[in-house]
Structure formats: C-alpha cells, structure tokens
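Understanding the architecture of this molecule
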Amino acid sequence: MLLKLLLGRDCPPIIAKISNDLQRRDLPRAIRPLYQLWLWVQGRLIDHFATLSLPMSEEVMRHMRVGPERLHVVPNPVLDDVDVGSHRKQSRCCRAGRRFVAVGRLERQKNYPAMLRAFAVGARKDDRLTIFGEGSERDALVALAASLDIGDRVDMPGHCPDLGVRLGAYDILLLSSVYEGLPGAVVEALAAGLGVIATRCSVSMADLLDQGALGILTECGDESGFALAIRTLEPGQDLARARRKASHYTLEAAVPAYAALFDHVVAQRQARSRVTRQPFFLRSATSVRPV
C-alpha cells in the first residue's frame, strides 16, 4: 500500500492473494468498522486479486467493493496430481472405535477448546482424537482434556511434517476454527478419503465439502451441533467424489491459473499505457476492456 502511494501511476501492478476469511468474526465489534474501512482502502489501491474459490471472490466483491473484472480464482496448490492418487486409507479391521484427527496451530483461531468439549460429549468410549500441531495453547488444552476426563483418549504429538502419509490412519478430520481461508488440511483429508466435520469458518467451506456430500458443517461456536456430528458421522467416504474435489487444489491446476492472471494484468497495463499516450481528444473514443 505504501509503495502504491509513493509511486502513484509509476507503481507496477500489485496483485494480492486473498487467503483468509474477510468477515473476521473474532474481532471485537468496536474494531470491525475500522477493519471494514481498511478493506475498502485496500480495494482502492490494489490492482487485482487472486482468490482461492468463487465464493471467496464474491466475498471480496462485497467487503472490498471491487468489480469482478479485478478478480481471478486461483486454486490453492495444497497437493499435486500424484498426491491426490497416492494418499491411501488404511484398513480399519482389528481396531475398535473411530479415529479422529485435527491439524493446525494450537492457537485461539482454531478454537480447540470447543473441539475438546464437543468430543467429550459426542465421542464413544473407544474413540480417540489426535491433534497435530504446536502453539501457545498446548498446556491449556492438555489441562482441559484432563478436566473433561478425555486426557487418555486425546493425543497431541506436535508438528506433523508428513501429514499426507499419516492421514490414512484416521477416519474423520475435525476442524473447529473461528475463521479460515481454504483449509489445506481438509483438502488433504479428502484426498485420503476421510470424512470431515467442520465449522462454517469460511465462505469456501460449503463448496469444498460439495454442499454437504463430503462432510458435515456446523456453525462456528455451536458446540452441541459439533458434538452431534461427532456422535453420528460414521467412517467412510465417497472416495472418487472426494478426490475429484481435492484435484481442484493441485499445483497442476494453480500454475496455469496464475499464468492467466499475470497475462491478464500485464495486458490491462499495456492497454492503459496505449491510451495515456494518445492525444487527449482521442482518448474518449478508446474503450479499454479486461482481456
């Protein structure tokens, strides 16, 4: 933003990738009007936006007040084509109970306390929950699990560098975040054939879960709804459908989308440059349209 203000028309085109929720329900109500003003200013200064999904583009248009001609959907490259086909689900034979897994930083955004309380209410006696990640809330979460009498069924092994390899050992992914962009862990879970229980932490979630065909969505903060989903969702996924959805978020899909975006922005810049070089009495007759 400062670069745009300093250089004015000489500033090269600026493209911003929008990779998080713009509603930010976590912010204090008194701060939200200032946040919305900040979004509006960004919408005036940034030339073009890359979003992770069509619903996210619609959210950008609404909150940043920009037109669709300044938006490109560029899928988040969570996987590559080989990953989509190589994530394997392990057999459930010879083990009791369901295996739940969660992935992410142990911070307030992820709302793990709500997840643990819901698990304590909704899980069956042989179910287990593994939470991969590190963060400032680790000690508090360990203490909460103990106070809920589920400490012996909740594992917190820390950061997981090989998530795709390990996901096959689990049945259902849990996501309790207050806000997200387009969670990569959900994409990897779909590629591995896991069921998903998630909050509506992003406008992208319903599309990512194929309008409920690939998982259960609950409202943010609805612990009873999350617990009910934990109680009722059985292991098993429409693997072909889940992998088709995961295949939208690969490196092979993202690279040509980024190339198209850059070509579009360069063409727009060149078109404007041609117009400004014309005599002023001819400019009004020139129509500059997005490529």
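Preceding block: the structure.
Note that the coordinates shown come from a computational prediction; the quantities given were computed from them, not determined experimentally.

So, how was this worked out
Residues numbered from 1 in each chain as written. Predicted model: local features only at pLDDT ≥ 70, side-chain atom pairs only at ≥ 80, totals over all residues. Heavy atoms only, no water. Core = buried A, V, L, I, M, F, W, Y, C linked by side-chain atoms within 4.5 Å. Buried < 20%, exposed > 50% of the residue type's maximum accessible area, 1.4 Å probe, protein only. Helix = DSSP H or I, 4+ residues; strand = E, 2+ residues; numbered from the N terminus. Pairing = 2+ DSSP bridges. Right-handed = clockwise from strand over helix to strand, strands pointing away. Contact = heavy atoms within 4.5 Å. Patch = residues over 30% accessible without salt bridge, like charges linked within 9 Å, V, L, I, M, F, W, Y side chains within 5 Å. Areas by Shrake-Rupley, 256 points an atom, 1.4 Å probe, with all protein chains shown as cover. Salt bridge = Lys/Arg side-chain N within 4 Å of Asp/Glu carboxyl O. Phe/Tyr/Trp six-rings, centres within 6.5 Å; stacked < 30°, edge-to-face > 60°.

Comments concerning the nonpolar core
Among the nonpolar cores identified, the biggest contains 44 residues, and Phe 49, Val 186, Leu 190 and Met 205 are the most heavily contacted of them. For this core, the elements supplying multiple residues, two or more each, are strand 1 (15-18), helix 2 (32-45), helix 3 (54-64), strand 7 (172-175), helix 8 (184-191), strand 8 (195-199), helix 9 (205-208) and helix 11 (239-246). Ranked by residue count, the leading element in this core is helix 8, at five residues. Leu 116, Ile 150, Met 156 and Ala 227 belong to the second largest nonpolar core, which has 25 residues in total.

Here we look at the pairing of strand 1
Side chains Ala 16 and Ile 18 project from strand 1 onto a buried face, and the interleaved Ile 15 and Lys 17 project onto a face without burial. Direction of pairing for strand 1 relative to strand 2 (residues 48-51): parallel, over a ladder of four bridges. When the bridges of strand 2 are listed, Ile 18 appears paired with Thr 51. Considered for its hand, the β-α-β crossover made up of strand 1, helix 2 and strand 2 is right-handed.

Re the environment of Thr 218
Within the secondary structure, Thr 218 is located in strand 9 (residues 216-218). Between the C-alpha atom of Thr 218 and that of Arg 200, which follows or precedes it by 18 residues, the distance is 6.0 Å. The residues touching Thr 218, leaving out its near neighbours within four places in the chain, are Ala 198, Thr 199, Arg 200, Gly 225 and Phe 226.

Structural notes on helix 8
When you tally the buried positions in helix 8, you get seven out of eight residues, the bulk of the element. Along helix 8, the residues classified as buried are Ala 185, Val 186, Val 187, Glu 188, Ala 189, Leu 190 and Ala 191.

A word on a nonpolar patch on the surface
Nonpolar side chains collect at one region of the surface, where Leu 2, Leu 3, Leu 6 and Leu 7 lie side by side and expose about 410 Å² of accessible area between them. Owing to a relative accessible area of 59%, Leu 2 belongs among the exposed residues under this scheme.

Structural notes on the packing of aromatic side chains
What describes a pair of aromatic rings is the distance from one ring centre to the other and the angle between the planes of the rings. Summed over the entire model, instances satisfying the criterion amount to four aromatic pairs. For the pair Phe 132 and Tyr 170, a centre-to-centre distance of 6.2 Å together with 85° between the ring planes defines the contact as edge-to-face. A residue pair is termed long-range when its members are at least 10 positions apart, and Phe 132 in strand 5 (residues 128-132) and Tyr 170 in the loop between helix 7 (163-166) and strand 7 qualify at 38 residues. The burial state of Phe 132 is the same as that of Tyr 170; both residues are buried.

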